[in-house]
Amino acid sequence: VRAGTDNVDLLRRLAPQVLGVLVRRHGQFDTCEDAVQEALLAAAVQWPREGVPDNPHAWLVTVASRRMTDQLRSDHARRRREDTAAAQVPADEAFAPAPGDAQPPDQDDTLTLLILCCHPALSPASQLALTLRAVGGLTTAQIASAFLVPEATMAQRISRAKQRIKATAIPFAMPPEPERSERLRVVLHVLYLIFNEGYIATSGPDLQRSELTREAIRLTRAVHALLPDDGEVAGLLALMLLTDARRPARTHPDGTLIALAEQDRGLWNRAYVEEGTALITDALARTPLGPYQLQAAIAAVHDEAPSAQDTDWPQILALYELLERVSDNPMVTLNHAVAVAMVEGPRAGLQLLTTLETDDRVAAHHRLDAVRAHLLEMAGDHAAARAGYRSAARRTTSLPEQRYLEARAARLTG
Amino acid sequence: VKYMLLIYDNAKSRETFLGEQGEDLMAEVGAIMKELTESGELVGGEALADPSNTKTIRLVDGVPAITDGPFAEAKEHLGGYLIVDCESVERAAEIALRWPNARFTPLEVRPLMDTSGAEM
């Protein structure tokens with residue numbers, strides 16, 4: 001049975017709200033989360049057949065609560081069998097919605113849930129998986145297929161994350177400042193990773209991974225709606241929109257990558273470019289500067305250029321100089337070197353790259369070889385450029401990147 | 001990132017695994033497999049049958065030729081593999097080092113190719 005797209009959107013939007021109600025009522029995040037998943041599954045089966053209930057939120061809370069009660073009762077019975085002490089069976093949950101279930105709660109628990117799912121005690125892989133399930137409302141099977149691992153592997157990551165939350169008694173509550181800001185940074189990083197995991201997918205069996213891009217944008221939008229004055233949230237949302245705008249143009253139908261300079265800009269998603277540009281313009285004007293805003297600003301300058309030749313490289317260079325000051329990331333230096341080459345010439349860019357040759361994080365990375373080769377090609381040193389592209393092609397673990405780099409090398413032959 | 005751990009066997013490792021200490025070594029393997037399953041890092045893995053069960057196929061001037069074996073005793077041969085999805089190559093290497101075969105033969109840790117890619 002397949003639920004229509006409208007139902008899926010509705011269910012995913014309601015998922016964190018329903019989970020919030022249950023966790024507030026019962027505690028026990030792990031059991032509540034399972035109950036909500038079962039309610040979502042029941043809705044996905046029943047609603048297309050019987051129609052969407054008048055109050056979908058209350059329906060989900062009622063069904064999830066009933067599952068929760070069943071679960072608690074069976075745990076209770078088990079404990080009673082093990083321990084002969086008399087105990088009271090919890091009262092049956094009324095079929096009708098309990099007071100307070102009829103309307104969505106005043107507070108939106110999405111952010112509290114995101115902060116819980118992205119707790120630093122969880123491994124990054126678990127943070128991503130739990131966020132997609134508990135806040136995104138995706139099934140374990142969907143998450144497993146998006147990350148190309150067996151369902152059992154993904155189920156284990158989710159269950160381990162939930163056990164850890166239980167064992168370390170991580171509270172379902174908004175932490176106070178300054179912890180709250182730090183935790184929000186982790187949430188934004190997890191959303192960024194989810195986005196990127198979907199964005200870099202090319203074709204074939206990975207197609208369902210683009211679902212991750214949509215989901216990351218949806219969740220970031222929700223966070224932005226809750227924290228409209230946080231410039232980095234706005235910056236991240238803008239960065240996602242301005243990047244995803246180029247997705248229709250970034251690959252050939254067979255999955256071969258197309259460099260930014262060679263993309264058909266007519267294929268770019270103009271609505272996303274406009275929305276992303278408006279978001280970042282507003283954020284830059286009224287909030288403190290941060291790395292997501294700077295990356296979004298750079299993406300906006302690229303997206304606004306009618307052609308690669310018309311790109312405002314001096315502005316991009318200035319933005320990279322700012323970005324390097326706020327983030328210690330060799331990948332930023334790599335892109336900075338390209339901007340330097342575009343403004344001051346390839347030799348100046350190559351000069352900047354030499355600073356990375358002693359940086360263990362990137363010295364053996366295929367991207368350093370690839371950028372160096374690109375700048376050598378600009379400088380007219382085709383033999384060295386060809387060797388660089390070949391070296392990058394050997395080092396990458398991405399098939400599309402390997403094909404792209406080999407093609408660049410082949411173009412310089414003869 | 002997914003890594004394949006290539007696990008090799010030689011005469012000594014086979015002898016030890018099939019001998020008295022075999023049970024202890026298999027218990028170590030079981031403990032690592034349990035840990036990798038619970039951590040959500042295990043993607044898959046299998047042990048290979050003895051190389052004498054191999055069929056070697058080759059095209060000789062476009063004509064397929066299938067032979068049994070190899071029977072010639074190579075010093076070491078691929079005994080099995082493990083695929084793990086880890087945060088880092090250091091973590092994959094740590095798993096490889098703990099695999100009991102590491103006491104007999106070197107293991108190889110190799111990243112798998114990915115169909116995703118970033119434009120440059």
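For clarity, every value in this text was computed on a predicted model and none was experimentally measured.

Peer 1: Explain unusual backbone geometry to me, please; I cannot follow it from the model alone.
Peer 2: Glycine aside, residues mostly have negative phi angles, and peptide bonds mostly take the trans form. Residues and elements named next belong to chain A. The omega angle of the peptide bond from Glu-177 to Pro-178 is 5°, so this bond is cis rather than trans. By secondary structure assignment, the location of Pro-178 is in the loop between α7 (151-167) and α8 (179-199). The backbone of Gln-28 sits at a positive phi, close to 50°, despite the residue not being glycine. Within the fold, Gln-28 resides in the loop between α1 (5-26) and α2 (29-50). For Gln-28, a relative accessible area of 39% corresponds to the partly exposed category. Positive phi, close to 55°, is recorded for Leu-148, a residue that is not glycine. Within the element layout of this structure, Leu-148 appears in the loop between α6 (140-146) and α7.

Peer 1: I tried to follow the nonpolar core on my own but got confused; where do I start?
Peer 2: A general tendency of soluble globular proteins is for nonpolar side chains to be buried together. A:Leu22, A:Phe29, A:Leu60, A:Leu130 and A:Leu353 are the most contacted members of the largest nonpolar core, which has 120 residues in total. Setting aside residues no more than four positions away along its own chain, A:Leu22 makes contact with A:Gly27, A:Cys32, A:Ala35, A:Val36, A:Val61, A:Ala64, A:Ser65 and A:Met68. Listed in part, the 15 residues of the second largest apolar core include B:Tyr3, B:Val84, B:Ala92 and B:Ala96.

Peer 1: I would appreciate a short explanation of the sheet that holds strand β2 (residues 42-47) of chain B in the present structure.
Peer 2: Residues and elements named next belong to chain B. Taken together, four strands build an open sheet; the order of strands is β2-β5-β1-β6 and the sheet is antiparallel. On the outer flanks of this sheet lie β2 and β6 (108-111), each paired with one strand and no other. Within the sheet, the average angular offset between the axes of one strand and its neighbour, ignoring direction, is 20°. Strand direction decides the pairing type here: strand β1 (residues 2-10) and strand β5 (residues 76-85), joined by nine bridges, are antiparallel. Across the sheet, residue Asp-9 finds its bridge partner in β5, namely His-77. Its contacts with the sheet place helix α1 (residues 11-18) against β1 and β5, and it is angled at close to 90° to β1. Along the sheet, helix α3 (residues 89-98) contacts β1, β5 and β6; its crossing angle with β1, the most-contacted strand, is approximately 25°.

Peer 1: Could you clarify how one ought to interpret the pattern of salt bridges in this entry?
Peer 2: Side chains that differ in charge, positive against negative, can pair when their charged atoms come close. Residues and elements named next belong to chain A. Under the definition given, this model contains 42 salt bridges over all chains. Taking the shortest distance from any N to any O, the salt bridge between Glu-211 and Arg-214 comes out at 2.4 Å. Of this pair, Glu-211 and Arg-214 are both found in helix α9 (residues 210-226), three residues apart, which corresponds to roughly one turn of the helix. With a relative accessible area of 54%, Arg-214 lands in the exposed category. Via salt bridges that share partners, Arg-12, Glu-211, Arg-214, Glu-215 and Arg-218 belong to a single interconnected network.

Peer 1: Looking at this model, I keep getting lost on α9(A). Mind explaining?
Peer 2: For the α-helix, the turn length of 3.6 residues means that residues three or four positions removed from each other point alike. Between its first and last C-alpha atoms α9(A) spans 25 Å; for 17 residues at 1.5 Å apiece the expected length is 24 Å, and the two agree. Residues of α9(A) that are buried include every one of A:Leu212, A:Thr213, A:Glu215, A:Ala216, A:Ile217, A:Leu219, A:Thr220, A:Val223 and A:His224, and no others.

Peer 1: Quick question: what am I supposed to make of the interface of chain A and chain B here?
Peer 2: Facing 35 residues of chain A, the contacting portion of chain B comprises 20 residues. In total, chain A and chain B occlude about 2,200 Å² of area from one another, counting both sides; carbon and sulfur atoms represent 51% of this. When the area that chain A buries against chain B is broken down by residue, the three leading residues are A:Gln156, A:Arg367 and A:Thr397, summing to 22%. Here A:Arg157 makes a salt bridge to B:Asp85, at a shortest N to O gap of 3.0 Å. The interface formed by chain A and chain B holds 14 residue pairs in polar contact (both at pLDDT 80 or more) in total. Put simply, the parts of the chain that give the side of chain A that touches chain B at least two residues each are α5 (124-135), α7, α16 (366-378) and α18 (399-411) of chain A.

Peer 1: Quick question: what am I supposed to make of the side chain of A:Ser398 here?
Peer 2: Looking at where A:Ser398 falls in the secondary structure, it is placed in the loop between α17 (382-395) and α18. At a separation of 2.6 Å, a polar atom in the side chain of A:Ser398 contacts the main-chain carbonyl oxygen of B:Ser116. Excluding residues that lie within four positions of it along the chain, A:Ser398 makes contacts with B:Met113, B:Asp114, B:Ser116 and B:Gly117.

Peer 1: How should the packing of aromatic side chains be read in this particular structure?
Peer 2: In this description, an aromatic ring pair is defined by two values, namely the gap between the centres and the angle between the planes. Residue and element names in this part refer to chain A. As enumerated under the stated definition, the model contains three aromatic pairs over all chains in all. With a centroid separation of 5.4 Å and 70° between ring planes, the pair formed by Trp-47 and Trp-59 is classed as edge-to-face. With a gap of twelve residues between them, Trp-47 in helix α2 and Trp-59 in helix α3 (residues 56-82) connect regions that are remote in the sequence. With respect to class, Trp-47 is no different from Trp-59; both count as buried. When the centroid spacing of 6.0 Å and the interplanar angle of 45° are considered together, the rings of Tyr-192 and Tyr-292 count as tilted. In this pair, Tyr-192 sits in helix α8 while Tyr-292 sits in helix α12 (residues 291-304), placing the two residues 100 residues apart along the sequence. For Tyr-192, a relative accessible area of 24% translates into the label partly exposed. Tyr-292 gets classed as buried once you look at its relative accessible area, which sits at 11%. If you follow Arg-246 out to its NZ or CZ, it ends over the ring of Trp-268, 6.0 Å from the centre. A cation over a ring is seen here: Arg-250 above Tyr-199, with NZ or CZ 4.6 Å from the ring centre.

What counts, and where the lines are drawn
Residues numbered from 1 in each chain as written. Chains lettered and ligands numbered in written order. Predicted model: local features only at pLDDT ≥ 70, side-chain atom pairs only at ≥ 80, totals over all residues. Heavy atoms only, no water. Helix = DSSP H or I, 4+ residues; strand = E, 2+ residues; numbered from the N terminus. Buried < 20%, exposed > 50% of the residue type's maximum accessible area, 1.4 Å probe, protein only. Core = buried A, V, L, I, M, F, W, Y, C linked by side-chain atoms within 4.5 Å. Contact = heavy atoms within 4.5 Å. Pairing = 2+ DSSP bridges. Axes fitted to C-alpha atoms, helices over the stretch in contact; angles between N-to-C directions. Salt bridge = Lys/Arg side-chain N within 4 Å of Asp/Glu carboxyl O. Expected span 1.5 Å × (residues − 1). Buried area = accessible area lost by both parts, 1.4 Å probe. Polar contact = N/O pair within 3.5 Å; in protein donor to acceptor, adjacent residues only side chain to side chain. Phe/Tyr/Trp six-rings, centres within 6.5 Å; stacked < 30°, edge-to-face > 60°. Lys NZ or Arg CZ within 6 Å of the ring centre and 35° of its normal.

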